[in-house]
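Examining the three-dimensional arrangement
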Amino acid sequence: MMKVLIVDDEPLVRRSLEKVFQKHGHEVLTAQDGLMGVDAWKSFKPDAAVIDILMPGLTGPELIAEVKPSSQTAIILISAYSGEYNLESTKNLGADLFIEKPFDDIQLIVSKLTEIWESKKS
Amino acid sequence: MSETTPFSLKPHLSVFDAVADHWGWGEQQFSKLAEQFQIHQTRFSSHSPRLEISPQPGPAIWLLTIKNTDFALKLEFLNRHKNQQITFVIIPDQLNSEQISQLINQAQIFSFITHKDELNEGLMQAKQDLLLKESYFQKLKQVKKQNRQLEILNQNLENLVHERTKKEFVASQETEVSLKDMQSILSFIKLISFAGSIEDLMNEVRGEYKKFHAIMPPVLLLTAGQSEIKFFYFQGKQFTQKIHFNSHQQKDLRTLNEIDLRSHLSNIFGRPFGAITIFDLEFQSRELKPTTAKMIFEHSLSSQNKNDFYDYSQERWPIINRAVENILLKESLQESAKQWSKTFNQIKDPILILNENYQMTLSNNELHRNKKSTCFQAFAHGTAPCLGCPIKKTFESGEPQFSDIHIEGRFYKVHSYPIRLADGGDVTHVINQYTDTTASVNLRSRVIQSEKMAAVGLLAGNIAHELNNPLTGIYSLSALLLEDLDKNSNTFKDLTEVKDAAARCQRIIKDLLDFSSVGADSKTKKIDINEMVSKTLPLLKMAMRNLNSELILSEQPLWVECNPQLLQQVIFNLVNNACQAMGEGGKLTVITSESGSSVQIIVRDTGSGIPDDIKSFIFDPFFTTKEEGKGTGLGLSMSKSVIERYNGRLILNEKYKEGTEFLINLPAVK
């Protein structure tokens, strides 16, 4: 079981991610913008996070820079603007994976994040 | 009156021998007489009396004896005849008293002395008579002299009158001649001033000099430069002009001497030239300053006639000079007017000069030459001034104005410039210049259109991204919710529809993003033509909604190497054109195939086809037959350049007659 923080300004995305992670038995907290995400991070101390890049307040990468997550934390960035991101730049931003919106299979996000978290734990 | 010879106190006395003999006079008698007279002793024959024996002309006393009356009568006759004023004192010898009285009556004998003692008395009386006679004679002489002088005076006077009369006659004759001259000069001026050309003028000059038989017709030389001379002359009666190369190039025509000129003239006339007289023409007007002119007369005049010729010419020369100048000026004016109108007419843009009532006074275009017609009738074929016409504003403001007008599907920029014929006066006319801006207006609208398209593309990209967020949520949430539902329930079916719709939306947005992001990633990829066609056609669903469409794709994938977005745009353009060509109803066919080393795509429609006359333009940038706003004229040209960039060919299949067929060939890759 992971503690998963979901930060996205799109309610439907938040709701679907929250639902799918809960379905797999994880504890989920959601935040609707970057600033609220920072607060939620500090109080919730998540094991893993799915963070949107373009948001009001702080962007995803700014949020990550602000909370300085431990190396144990698994982080996936998601965005509709895919052009400028690749694996290299994602690593530099303090995240483990970038997934382009729209995603065809939401289950894939759960399995990917779990996979990363577990590999970091061991 | 001058003093005549004084009376001689001693009158001449001629004593004839016979007297002395008659009375036997000695020395004593003579010396006594000599106190009173100048005595001349004379002898002559009594038979032949001659008065020349008188010592001197003029009064004298003759003392003589006579024997017969005849002799005395003869003497007297001679005396009277010769007007000698001789007083005869006669001593009669053998005469009776009858004869004496006859002589006294007939012969005017002063006195007869019959006795010695009477002699003194008689001579003294004779002396008195002589003195009287002499005084008379002197007076007569004076009168005669005066008469003569009078006569001379009279003669002089007569001469004078004669002279004067003669002079007056000559003078009146001269006046008549000079009046005639004047009249002939006047008529010459009149004739020459009517001369409209050099030829007319030369004919007049020729006629004017016809009276000199030794003068040949005139030759006129003109030059404006140094290299050539224009000769105007008569060959027989035929007026001719010729341009002759100036072989004396180093010399100005002005300085050409008689020999140079004669050599020119000999060359032209093909014969040696005689003596010539050269008249230099001088022009006052500035326009003719570089022009040099001479008029030359060949002649064979004698020196006397030559003077007449010069006198004659002297009066006519300034007239001819002025006439030549006038004609040259007229010609140069006509020339410059011609040049101006040629220049004016050569201007491609229509230019009209118009009055306040829109009536044309001048136009540079034949089509608009109908005077009295208005600009809007002639130019716009309208019945009222064109919408937006600047003429009225130009007249009102007196300032140049311009505006855009739209005539029969073409756009014109009209510049209207005011004309004031008087300085500071009212505007009397305007010059209207019409520049056809149709091409640039169209180009501008196309540029605007393509900018609009670019903006739409950018906007579409942004909107697509914004839509992606909720669509992702809709799709994902639907998928999650479906997992919890009974697959046979109505809700499951409904939610499946929602999920599928969201998926469809996501796909359309992805294609739209691909389509609008041309150039962002121009990298080539190995792509399947069939996939590309399948992906593109749905974007044109709207355009294809009323058409039958047939898609014949090869069974095997058709790989080519190119930029997917660019190729997609080419297919999009061709299919879109085909759809637009058919409008409502028709059949669209897209066929893909492989032949040898190349891959072919055929896009075919059953529309109206491309007219022959524009087939050569269809690949030109900005060429379009579509309505404004519907096409940029860039589609085909851009498509052609894209295909050629990847070593392919895009051509119009001209053999296909049922509509339009475009063929794309691209090199196949494995």
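This section reports on the structure supplied with the text. If you're wondering where the values come from, they're calculated on a predicted model, not measured in any experiment.

Residues and elements named next belong to chain B. Assignment of secondary structure puts Lys670 in the segment after β22 (660-667). Given 4 C-beta atoms within a 10 Å radius, Lys670 is considered exposed. Distance in space between the C-alpha atoms of Lys670 and Lys526 is 9.1 Å, their sequence separation being 144 residues.

All right, on to the sheet that holds strand β3 (residues 60-66) of chain B then. Each strand in a sheet pairs with its neighbour through backbone hydrogen bonds, running either in the same direction (parallel) or in the opposite one (antiparallel). Taken in spatial order, the 5 strands make up an open sheet running β2-β1-β3-β4-β5 (chain B), and their pairing is parallel. The open sheet has two free edges, formed respectively by β2 (38-42) and β5 (111-112) of chain B, since each of these has just one partner strand.

Here the focus is the interface of chain B and chain A. Note on interface size: it is often stated as the accessible area lost on association of the parts. Between chain B and chain A, the residue contacts involve 14 residues of the former and 13 residues of the latter. Sorting elements by how many residues they give to the side of chain B that touches chain A places helix α11 (residues 438-483) of chain B first, with 13 residues. In terms of residue class, the side of chain B that touches chain A is made up of 7 nonpolar, 7 polar and no charged.

Here we come to the sheet that holds strand β10 (residues 292-299) of chain B. Residue and element names in this part refer to chain B. A sheet is described by the order of its strands in space; here 5 strands give the open sequence β8-β7-β6-β10-β9, paired in antiparallel fashion. On the outer flanks of this sheet lie β8 (238-245) and β9 (275-281), each paired with one strand and no other. Going from strand to strand, the sheet's axes swing by 20 degrees on average, the running direction of each strand aside. Sitting on the sheet, helix α7 (residues 258-269) is in contact with β6 (219-223), β7 (228-235), β8, β9 and β10, with an inclination near 105 degrees to β9.

Of all hydrophobic cores here, the largest spans 41 residues; its most connected members are A:Val4, A:Val50 and A:Ile75. When residues of this core are assigned to their parent elements, the largest contribution, 6 residues, is made by α11(B). Among residues more than four places away in sequence, those in contact with A:Val4 are A:Phe21, A:His26, A:Glu27, A:Val28, A:Pro46, A:Ala48, A:Ala49 and A:Val50.

What follows deals with the pairing of β22(B). In terms of strand pairing, strand β20 (residues 598-605) of chain B meets β22(B) through 8 bridges, oriented antiparallel. By the bridge assignment for β22(B), B:Ile601 is matched with B:Ile664.

What counts and how
- Residues numbered from 1 in each chain as written.
- Chains lettered and ligands numbered in written order.
- Predicted model: local features only at pLDDT ≥ 70, side-chain atom pairs only at ≥ 80, totals over all residues.
- Helix = DSSP H or I, 4+ residues; strand = E, 2+ residues; numbered from the N terminus.
- Buried ≥ 20, exposed ≤ 12 C-beta atoms within 10 Å, placed from the backbone.
- Pairing = 2+ DSSP bridges.
- Contact = placed C-beta atoms within 7 Å.
- Nonpolar A, V, L, I, M, F, W, Y, C, P; charged D, E, K, R; others polar.
- Axes fitted to C-alpha atoms, helices over the stretch in contact; angles between N-to-C directions.
- Core = buried A, V, L, I, M, F, W, Y, C linked by C-beta atoms within 7 Å.

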